[in-house]
Each structure stands twice: as C-alpha cells, then as structure tokens.
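A closer look at the structure
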There are 2 protein chains.
Amino acid sequence: MITLHHLRIGRSIFTLWLLEEIGCDFDVKTYLRDENFRAQADLKAVHPLGKSPVIEDGDLLLSESGAITNYLLTKYDTDHRMHPSQDNLAQWARYQQWLAYPEGSVFAPLLVKMMTLRSGVEHPVLSPFSMAEIALHFNHIADQLGDNDFILGDSFSGADIGITYMISMGERLGLMADYPSLTAYVKRNCARPAFLAAIEKGVE
Amino acid sequence: MITLHHLRIGRSIFTLWLLEEIGCDFDVKTYLRDENFRAQADLKAVHPLGKSPVIEDGDLLLSESGAITNYLLTKYDTDHRMHPSQDNLAQWARYQQWLAYPEGSVFAPLLVKMMTLRSGVEHPVLSPFSMAEIALHFNHIADQLGDNDFILGDSFSGADIGITYMISMGERLGLMADYPSLTAYVKRNCARPAFLAAIEKGVE
C-alpha cells in the first residue's frame, strides 16, 4: 500500500492527482504549514529534507516528484495507459525529458518570480532573468502542445502532471495572459475526474 | 551514433563525462558563449531552448541532463554497471530519485546564489532562502554519502554525475568549507579516467 505524505498547500496535490489517475490503493497523511507557510517538524520526521511530496511503499521512501511518477507508473501502469514502454526507447526518452523538464528547468525561474512578488522587492539580475526564462519555457511548452490535448500528443501521460503544476503556478503568479492554449490545457486537466477527486481528498 | 551538443563553459561537460564512462561511440559539436556569457544562435538552431546539454541519436533530440542519463544508460549500460535494473524496482526508484534531485531541488538555490554573487546585489528573501536551502541539501548529500565512495554506495552510477555537478558548482561559489566529505567525493570523481578524458575533449 502506498502512503502519500501530503503537505498542504503545495505540490503534493499533483502526486495525489497521479495516484487518483492510477487508481491504486493508497493512503494520505496530511501535514499543515505553520503561520509562516513553512513545513513543520512532523514532515521532517518522515524525510530529512522536510519537503513534500514523499511516498512510502514498504521500505521505500521516495522524494522528487518526477522520480515518484516514474516509480508509480512503472509499478502500476503496466498496460502503458499513461507512460510509454521502454520497448520504444526513443519515445520513453522523450517522456523522461518532459517528466524532468518541469522541476529541472521551469521551476527555478517561477520560484524566483514568486519570491520577488511576495517580498515586493525586485532584483536587478534575478528579476529580468526569471521573466525571460518563464517566457522561454511557456512558449516552448505551448509549441510542444500545439493543437494536442496533452503534452505528448492526444493521450494523457505522467508528464502532464508536472507541466500542469508549472502552468498553474504561472496562473497563480498572474503570468498566463499571453498563453491561452496553456490555460485551456490546465482547465482541461483540472476537469478530469481524478483531479477533482484529488482536490476533494487533499484540499477540502 | 550519439552527437553531444556541448556548450562551453557549462554543464554539458558532465554529459561528456557520462559518455566517456559508457565508452560508446559519440561525436561532440562544440558551441561558444558570447561576450555576455550567453549561448548564441547556433545552439538555438539545434534546440528551441538554446540550452545545453542536448544529445542527438538519429531522429531523437533530447534535453534535460537527467533524462539524457536515463536514456544513455538504459540503451548502453545493459549489464547494469552504472544503473540498477528495473527488476529491483525499489532500487531503480532510489536511483531515479538521486538522478532527479540535483536539477530538481539543488540547482535552484545554487543558481540564485550564483546570480546574487555575480551581481553583487543581495535580496532580502532570496539570499537567506538560497543559503538555507544550500546547507539543507549539502548536508543531505553528505548524510547519504556517509562513508561510501559514491552516492548510491560503493560503486559509481549515473546519479553521481549530477551530484558531482552540484558540489563542483558549490566549490566555484566558495561554499564547501564545511563539507570535507563532499569535496573529497568530487576530487575522487574528477580523478576518474573518464572525467579526465572529458576535460581533455571538452575543455582544452
């Protein structure tokens, strides 16, 4: 049985969504932030980084959203509804790329933007850097998406989870006015029954 | 035949190192930065993000260091010298976690620190955040390493490439005084024949 250690409010809602898409048995342990919006000691007791998402499966304690997706789909998505088989190695590699890309490339400039916005203090180098990088990445995602419903084509995959997270972060930061196809993509994903079930379980 | 699109000076030297560890046939196309240390249009012609590393293998064009490592080792490391088999799924998952972790968690605070240092301008929120996160991650890496030679135990794996990159970035930023086991780890990795061959090919 999988246990998801879920910190409210944060990115682990996206792992909860993935678990709902998979439809496996799982349990959710919920953690709350303190008054400064920081994770507390209870989460640090689970994983030394004190971050979320973390999943537990028997002896395995796993962090990093992309690695968690990789593990869960390799274990449960054996008919390859949501991830390509390694038998087509090039296709699997492209999926790995789109799985790594959100946290590996898109998150850092969004984080900088979030922190300059929240603090009300811009920075002469970091602020213009973050805006240029965010535009580069959102345009790249929009180009990849094209007229498709999902990031790897016409069917939903594990790679859509992280991409949806990045765009929804862009929405919260008020950055999406120029990317109608991306906001439509997020709206489409957030209407999925599994997403709604995750919100029901992880937010309400 | 693999082609590595290699931007000097930057992280693609670590992909070159991986290729040397694998020992497969590959070709290196080298790109230079402009006077502002930016990648130029020639790299943008290869990949829309204009970043490096990118590898080409026939029709496959692949970015994201972790995905490239995943692809190359799945394709070439068939006797699992440098990555665990999926047959032991928990072990494979831990490897995926340590493959995702450098770019997914450690890089962002190092990038912030590099840009505040280079600009000579601190930020009231980003600067203390980056220093706290860097300490958290370097202590976590040191705990994981323990007395082992490599991040997953006593043998070198693909996960050591990204971890080495993060610590060597920490070294360039003058942040490693408190982490003797991590500087010893980098020194050990940088003495490997494959690393020296990569430096010979990619830097000189």
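What you see is a predicted model, and the numbers here were worked out from it, not measured in a lab.

Parameters and conventions
- Residues numbered from 1 in each chain as written.
- Chains lettered and ligands numbered in written order.
- Predicted model: local features only at pLDDT ≥ 70, side-chain atom pairs only at ≥ 80, totals over all residues.
- Heavy atoms only, no water.
- Helix = DSSP H or I, 4+ residues; strand = E, 2+ residues; numbered from the N terminus.
- Rg over C-alpha atoms; globule rule 2.2 N^0.38 Å.
- Buried < 20%, exposed > 50% of the residue type's maximum accessible area, 1.4 Å probe, protein only.
- Contact = heavy atoms within 4.5 Å.
- Expected span 1.5 Å × (residues − 1).
- Phe/Tyr/Trp six-rings, centres within 6.5 Å; stacked < 30°, edge-to-face > 60°.
- Lys NZ or Arg CZ within 6 Å of the ring centre and 35° of its normal.
- Salt bridge = Lys/Arg side-chain N within 4 Å of Asp/Glu carboxyl O.
- Buried area = accessible area lost by both parts, 1.4 Å probe.
- Polar contact = N/O pair within 3.5 Å; in protein donor to acceptor, adjacent residues only side chain to side chain.
- Pairing = 2+ DSSP bridges.
- Axes fitted to C-alpha atoms, helices over the stretch in contact; angles between N-to-C directions.

**Thoughts on the overall build of chain A**
- In terms of helices and strands, chain A carries eight helices and four strands.
- For chain A, the succession of helices and strands along the chain, N to C, is β-α-β-α-β-β-α-α-α-α-α-α.
- Against the 2.2 N^0.38 benchmark of 17 Å for 204 residues, chain A shows a C-alpha radius of gyration of 17 Å, consistent with a compact globule.
- Across its three principal directions, the C-alpha atoms of chain A cover 50 × 45 × 30 Å.
- With 204 residues in all, chain A has 56% of them scored as buried.
- When contacts within chain A are restricted to residue pairs at least 6 apart in sequence, long-range pairs at least 24 apart make up 65% of them.

**Comments concerning helix 3 (residues 65–76) of chain B**
- Compared with an ideal rise of 1.5 Å per residue, which puts twelve residues at 16 Å, helix 3 of chain B spans 16 Å between its outermost C-alpha atoms and is within 8% of the ideal.
- By the burial criterion, the buried members of helix 3 of chain B are Ser65, Gly66, Ala67, Ile68, Thr69, Asn70, Tyr71, Leu72, Leu73 and Thr74 of chain B.

**Let's talk about the packing of aromatic side chains**
- Summed over the entire model, instances satisfying the criterion amount to 16 aromatic pairs over all chains.
- A centroid spacing of 5.8 Å and a plane angle of 90 degrees characterise the contact between Phe150 of chain A and Phe156 of chain A, whose relative ring orientation is edge-to-face. Across the pair, Phe156 of chain A and Phe150 of chain A agree in class, each one buried.
- Here a set of aromatic residues connected by ring pairs shows up, and it is made of Phe14, Trp17, Phe107, Phe150, Phe156, Tyr165 and Phe195 of chain A.
- In this structure, Arg11 of chain A is placed above the aromatic ring of Phe107 of chain A, and the distance from its NZ or CZ to the ring centre is 4.4 Å.
- The lysine or arginine in question, Arg192 of chain B, covers the ring of Phe156 of chain B, its NZ or CZ lying 4.0 Å from the ring centre.

**A short note on the pattern of salt bridges**
Residue and element names in this part refer to chain A.
- Evaluated as defined, the whole model comprises twelve salt bridges over all chains.
- Note that Arg11 and Glu103 form a salt bridge whose closest N and O atoms lie 2.4 Å from each other. Here Glu103 lies in helix 4 (residues 89–119) and Arg11 lies in the loop between strand 1 (2–8) and helix 1 (12–22), a separation of 92 residues in the sequence. Comparing Arg11 with Glu103 shows no difference in burial state: the two are buried.
- Note that Asp149 and Arg188 form a salt bridge whose closest N and O atoms lie 3.6 Å from each other. With Asp149 in the loop between helix 5 (126–145) and helix 6 (159–172) and Arg188 in helix 7 (residues 180–190), the pair connects residues that are 39 residues apart, well separated along the chain.
- For Arg188, a relative accessible area of 29% gives the class partly exposed.

**Some details on the interface of chain B and chain A**
- Tallying the contact residues gives 46 residues for chain B and 46 residues for chain A.
- Taken over both partners, the interface formed by chain B and chain A buries close to 4,000 Å², and the fraction arising from carbon and sulfur atoms is 72%.
- Among the residues of chain B in contact with chain A, Leu49, Glu64 and Met115 of chain B are the three that bury the most area, contributing 14% of the side total.
- Viewed at the interface, chain A and chain B are joined by two salt bridges.
- With a shortest N-O distance of 3.0 Å, Lys51 of chain A and Glu133 of chain B are connected by a salt bridge.
- Counting every contact that joins chain B to chain A gives ten residue pairs in polar contact (both at pLDDT 80 or more).
- Only strand 4 (60–63), helix 3, helix 4 (89–119) and helix 5 (126–145) of chain B provide two or more residues apiece to the side of chain B that touches chain A.
- By residue number, the principal contributor to the side of chain B that touches chain A is helix 4 of chain B, which donates 18 residues.

**Regarding the side chain of Asp57 of chain B**
- Mapping Asp57 of chain B onto the fold places it in strand 3 (residues 54–57).
- What Asp57 of chain B contacts, discounting residues up to four positions off in sequence, is Met1, Ile2, Tyr71 and Lys75 of chain B.

**A short note on the sheet that holds strand 3 of chain B**
All names here are of chain B.
- With mixed pairing, four strands are arranged side by side in an open sheet as 2-1-3-4. Two strands bound the open sheet, and with one partner strand each, they are strand 2 (26–32) and strand 4. The average angle at which neighbouring strand axes cross in this sheet is 20 degrees, direction not considered.
- Direction of pairing for strand 1 (residues 2–8) relative to strand 3: antiparallel, over a ladder of four bridges. Note on strand 3: the bridge partner recorded for Thr3 is Glu56.
- Packing of helix 1 (residues 12–22) onto the sheet brings it into contact with strand 1, strand 2 and strand 3, and relative to strand 1 it is tilted by some 145 degrees.
- Helix 3 rests against strand 1, strand 3 and strand 4 of the sheet, and its axis sits at about 130 degrees to strand 4.

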